[in-house]
Amino acid sequence: MKKEKVCNLCGRTLPVRNFYTQKTATGSMVYRSRCKECYRAVTRDYYWDNREELLKKQRRQYKKRRPYLKNYYQTHREARLKYQREWYRKRRVAKAKAARAAKKS
Ligand SMILES: [Zn+2]
């Protein structure tokens, strides 16, 4: 395992702990080609440079999803209520169990 790596943005040779790791499709870990400092600077710059565009995109995506979400809630209403009831029941049982256990000790 290499201990040092050259950042392809600032060109410095830095210890690998100064690089973020990334999981590949095959499941092995690799280091990113830019050091943490550059990576942060780039993503920060990207965010601020494209802030308006990113926010617009987010809003557009939400608008696109809204009818789907509404539809989902309507069509899954029963299932969701059932799930909720089941969840409360389980919690009640767990609480009662805990109370009984507390009394015993
Ligand atoms: Zn760098």
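Figured I'd write up the structure that's included with this text. Being a predicted model, the structure only gives us computed values, none of them experimental.

Turning next to the overall build of the protein. The secondary structure content of the protein amounts to three helices and four strands. Listing each helix as α and each strand as β along the protein from the N terminus yields β-β-β-β-α-α-α. For 105 residues, the compact-globule estimate of 2.2 N^0.38 gives 13 Å, and the C-alpha radius of gyration of the protein, at 25 Å, exceeds that figure by more than 25%. For the protein, buried positions account for 4% of its 105 residues. When contacts within the protein are restricted to residue pairs at least 6 apart in sequence, those whose partners lie at least 24 apart make up 23%.

For Val16, the position within the fold is in the loop between strand E2 (13-15) and strand E3 (19-23). Taking the number of C-beta atoms within 10 Å as the measure of exposure, Val16 has 13 and is therefore partly exposed. Here the alpha-carbon distance between Val16 and Arg32, two residues 16 residues apart in the chain, equals 9.6 Å. The contact partners of Val16, leaving out residues within four places of it in the chain, are Lys2, Lys3, Glu4, Lys5 and Tyr31.

On to the pairing of E3. As defined by bridge partners, E3 adjoins strand E4 (residues 29-35) across four bridges and the pair is classed as antiparallel. By the bridge assignment for E4, Thr21 is matched with Tyr31. What sits between the antiparallel neighbours E3 and E4 is a turn of five residues, in which Gly27 has the positive phi angle 95 degrees.

Now for helix H1 (residues 36-49). If you check H1, its first and last C-alpha atoms are 19 Å apart, about what 14 residues at 1.5 Å a residue would give, namely 20 Å. When you tally the buried positions in H1, you get one out of 14 residues, a small fraction of the element.

Compared with an ideal rise of 1.5 Å per residue, which puts 28 residues at 40 Å, helix H3 (residues 77-104) spans 41 Å between its outermost C-alpha atoms and is within 8% of the ideal. Among the 28 residues of H3, zero are classified as buried, and the element is accordingly described as predominantly exposed.

Scoring rules and cut-offs
- Here the residue numbering is sequential within each chain, running from 1 through the sequence in written order.
- Only residues with pLDDT of 70 or above have their local features reported here, since the model is predicted, and side-chain atom pairs are shown and tallied only from 80 upward, although totals for entire chains, interfaces and linings are computed over all residues.
- The secondary structure listing takes helices from DSSP runs of H or I that are at least 4 residues long and strands from runs of E that are at least 2 residues long, numbered from the N terminus.
- Radius of gyration: C-alpha atoms only; globule rule: 2.2 Å multiplied by the number of residues to the exponent 0.38.
- To sort residues by exposure, count the other C-beta atoms lying within 10 Å of each residue's C-beta; 20 or more gives buried, 12 or fewer gives exposed, and values between give partly exposed, all with C-beta atoms placed from the backbone.
- Contacts here follow a simple rule: the backbone-placed C-beta atoms of the two residues must lie within 7 Å.
- Paired strands, as defined in this entry, are two strands with at least two bridges between them according to DSSP.
- For a helix, the expected span equals 1.5 Å multiplied by the number of residues minus one.

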